[in-house]
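# Geometric and topological summary
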Amino acid sequence: MRLIPTLFLFCAVAGCDASSLPQRDQPAGNCLKESDCGAGQACKDNQCAACTAHSDCASTVCDTYGDLGGVGRCVAASDLIYVKQVDESDPSCSLGNGTQKLPYCGLETTLATLGMSPQKTLRLVASSSTHVMPPIDAGARLVMVGSGEHGPGLATVLSLAASESGQLTIGAGASVVFDGVILQVNGLMAATGSKVTIRRSLIQSLQVGATFDGSTVTLDRDTITENLSGLVFKSSTVSITNSFFLRNTPAPGQPLIDLTGGSGVFQLNTVAYNGLGAPAPVLGCSGSSAVMVKNSIFAMNGVTQQLGTACRTVPSSLVLGSSDPTTGQIKKDPVFESPQTNDLRLKPRDATNLQFLIDKAVAADASDKNPDHDYFGTPRPQGAAADIGAFEALP
């Protein structure tokens with residue numbers, strides 16, 4: 001406590017410059033907080049930079065896909081509607097105004113009050129309770145952003161009201177984005193002309209499956225697991241990428257993924273350790289489906305035939321396991337980090353993976369959706385070419 005007066009006395013007698021005085025450490029960089037940056041940038045390690053994750057942003061929403069204002073931009077909190085899931089008798093609910101500090105209470109009530117169009121971008125606050133999802137109206141425009149976490153109390157779980165039929169219905173012409181949520185519904189039915197995007201999410205507990213009929217569907221960086229029925233795409237335009245399909249057990253005779261007509265691409269996915277019953281393949285293609293299947297892993301799924309005979313594929317781009325009868329593809333069993341704990345990352349130094357999977361993707365068209373990253377967001381490629389499957393190994 002006596003050091004400071006003594007120091008001032010010394011300076012008064014002997015003189016000192018500023019450099020000789022004790023200095024507070026200042027962080028190197030050009031920002032201390034996000035408001036010091038412009039153009040939607042985040043303040044990361046005291047540097048203004050593009051955001052790459054929701055956690056980079058004060059609003060907790062980063063546009064990583066370019067459909068919320070620009071790739072790498074933090075979405076302003078004033079452009080979001082915040083919703084928490086608590087009992088609506090909670091005293092705080094009477095004060096809720098949809099801001100980050102005072103979220104609305106209840107997703108179902110919020111959408112009933114505000115409507116589903118024009119576009120609403122909702123930040124669903126993580127909770128130990130599930131967010132109750134109403135049917136999505138025809139012509140709705142919704143973006144729903146969750147936490148992207150899976151742990152208890154950290155996750156954003158969407159389910160249906162007990163009064164609903166068990167299927168989440170998406171009306172004709174609706175446009176809906178689910179980002180970073182756990183979608184836990186008995187079924188999903190998307191009508192003609194709807195546009196459905198599910199990314200960085202977990203899809204589980206489907207009892208009657210998910211059917212997309214004449215829809216535009218984008219699945220990216222998803223985990224599809226613990227479902228008792230599969231996904232059906234009828235005359236739809238699809239992009240299914242960078243996703244893991246595991247531990248699903250559809251009914252005997254039912255494919256896990258059924259492409260009937262339509263167009264698009266199924267690539268850079270890992271489909272493994274599912275329990276299918278013969279005679280259905282894991283991925284079925286009928287009705288002259290023009291969906292291109294490439295650069296994906298289908299293995300250890302309980303059946304010999306991984307793909308339907310009518311599927312359009314790129315030669316030497318699919319790993320089908322050693323017993324599959326399909327010609328022109330790779331007949332090897334991939335080696336994963338820990339299948340017992342659902343860790344289906346490729347072992348990066350395994351000889352089989354190095355020879356047949358790592359840096360072995362072919363016909364990876366830059367015009368396809370989402371070929372530039374893997375399930376974890378790691379940029380592709382890390383080597384001479386991208387890796388086959390949902391995971392990109394680091395060098």
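For the structure itself, consult the block above.
Residues numbered from 1 in each chain as written. Predicted model: local features only at pLDDT ≥ 70, side-chain atom pairs only at ≥ 80, totals over all residues. Heavy atoms only, no water.

## Topic: the side chain of Thr-197
Among the structural elements, Thr-197 can be located in strand S15 (residues 195-199). Contact partners of Thr-197, with chain neighbours within four places excluded, come to Val-176, Val-177, Phe-178 and Thr-218. (Helix = DSSP H or I, 4+ residues; strand = E, 2+ residues; numbered from the N terminus. Contact = heavy atoms within 4.5 Å.)

## Considering the sheet that holds strand S5 (residues 81-84)
Sheet architecture is open: 11 strands sit in the order S6-S5-S7-S9-S12-S15-S18-S21-S24-S27-S29, paired in parallel fashion. Two strands bound the open sheet, and with one partner strand each, they are strand S6 (104-105) and strand S29 (312-313). Where strand S12 (residues 175-179) lies against S15, 5 bridges are found, and the strand directions are parallel. Note that in S15 the partner of Asp-179 across the bridge is Arg-199. (Pairing = 2+ DSSP bridges.)

## Here's the deal with the state of the cysteines
A complete count under the given rule lists 6 disulfides for this structure. Cys-31 shares a disulfide with Cys-43; S-S distance 2.1 Å. Residues Cys-31 and Cys-43 are joined through a disulfide that is right-handed, its torsion about the S-S bond being 95°. Of the two residues, Cys-31 is situated in the loop between helix H1 (3-14) and strand S1 (42-44) and Cys-43 in strand S1; the sequence distance between them amounts to 12 residues. By relative accessible area, Cys-31 is classed as buried at 5%. Paired by a disulfide, Cys-285 and Cys-311 hold their sulfur atoms 2.0 Å apart. What sets the handedness of the Cys-285 and Cys-311 disulfide is the S-S torsion sign, and at about 90° it is right-handed. Here Cys-285 is found in strand S26 (residues 283-286), whereas its partner Cys-311 is found in the loop between strand S28 (296-299) and S29, with 26 residues between them in sequence. By the burial criterion, Cys-285 is buried, and Cys-311 matches it. (Disulfide = S-S within 2.5 Å. Buried < 20%, exposed > 50% of the residue type's maximum accessible area, 1.4 Å probe, protein only.)

## Looking at the pairing of strand S14 (residues 187-190)
Note: strand S11 (residues 167-170) against S14, 4 bridges, orientation parallel. Note that in S14 the partner of Thr-169 across the bridge is Met-189. Inspection of the sheet shows S14 paired to strand S17 (residues 209-213) by 4 bridges, in the parallel sense. Bridging from a neighbouring strand, Ala-190 pairs with Phe-212 of S17.

## Observations regarding the packing of aromatic side chains
Using the criterion set out here, one finds 7 aromatic pairs in the structure. Ring geometry for Phe-212 and Phe-233: centres 5.1 Å apart, planes at 5°, overall stacked. Of the two residues, Phe-212 sits in strand S17 while Phe-233 sits in strand S20 (residues 231-234), which places them 21 residues apart along the sequence. Among the residues examined, Phe-233 registers a relative accessible area of 2% and is labelled buried. With centroids separated by 6.1 Å and ring planes inclined at 90°, the aromatic side chains of Phe-376 and Phe-391 adopt a geometry described as edge-to-face. Here Phe-391 lies in the segment after helix H3 (351-356) and Phe-376 lies in the segment after H3, a separation of 15 residues in the sequence. (Phe/Tyr/Trp six-rings, centres within 6.5 Å; stacked < 30°, edge-to-face > 60°.)

## What about helix H2 (residues 107-114)?
Residues Leu-107, Thr-110 and Leu-111 constitute the buried set of H2. When H2 is viewed along its axis, its buried side chains cluster within an angular range of 95° and face the same direction. Within H2, the exposed residues directed more than 90 degrees away from the buried face are Ala-112 and Thr-113. Within two residues after H2, Gly-115 carries a phi angle of roughly 85°, on the positive side. (Arc of directions from axis to C-beta.)

## A closer look at the nonpolar core
Of all hydrophobic cores here, the largest spans 55 residues; its most connected members are Ile-136, Phe-178, Phe-233, Phe-266, Leu-283 and Phe-298. Leaving out residues up to four positions away in the same chain, Phe-266 has contacts with Ile-240, Phe-245, Ile-257, Val-271, Leu-283, Val-291, Met-292, Val-293, Lys-294, Ser-296 and Phe-298. With 19 residues, the next largest nonpolar core counts Ala-272, Ala-299, Leu-346 and Tyr-375 among its residues. (Core = buried A, V, L, I, M, F, W, Y, C linked by side-chain atoms within 4.5 Å.)

## Looking at unusual backbone geometry
Keep in mind that most residues, glycine aside, have a negative phi and that most peptide bonds are trans. Cis geometry marks the peptide bond from Ser-117 to Pro-118; its omega dihedral reads -5°. In this structure, Pro-381 follows Arg-380 across a cis peptide bond, with omega equal to -10°. Along the chain, Pro-381 falls in the segment after H3. In this structure, Thr-60 is a non-glycine residue whose phi angle is positive, near 65°. When you line up the elements, Thr-60 lands in the loop between strand S2 (47-49) and strand S3 (62-63). A relative accessible area of 25% means that Thr-60 is categorised as partly exposed. The phi torsion at Ser-235 lies on the positive side, around 50°, for a residue other than glycine. Within the secondary structure, Ser-235 sits in the loop between S20 and strand S21 (237-241).

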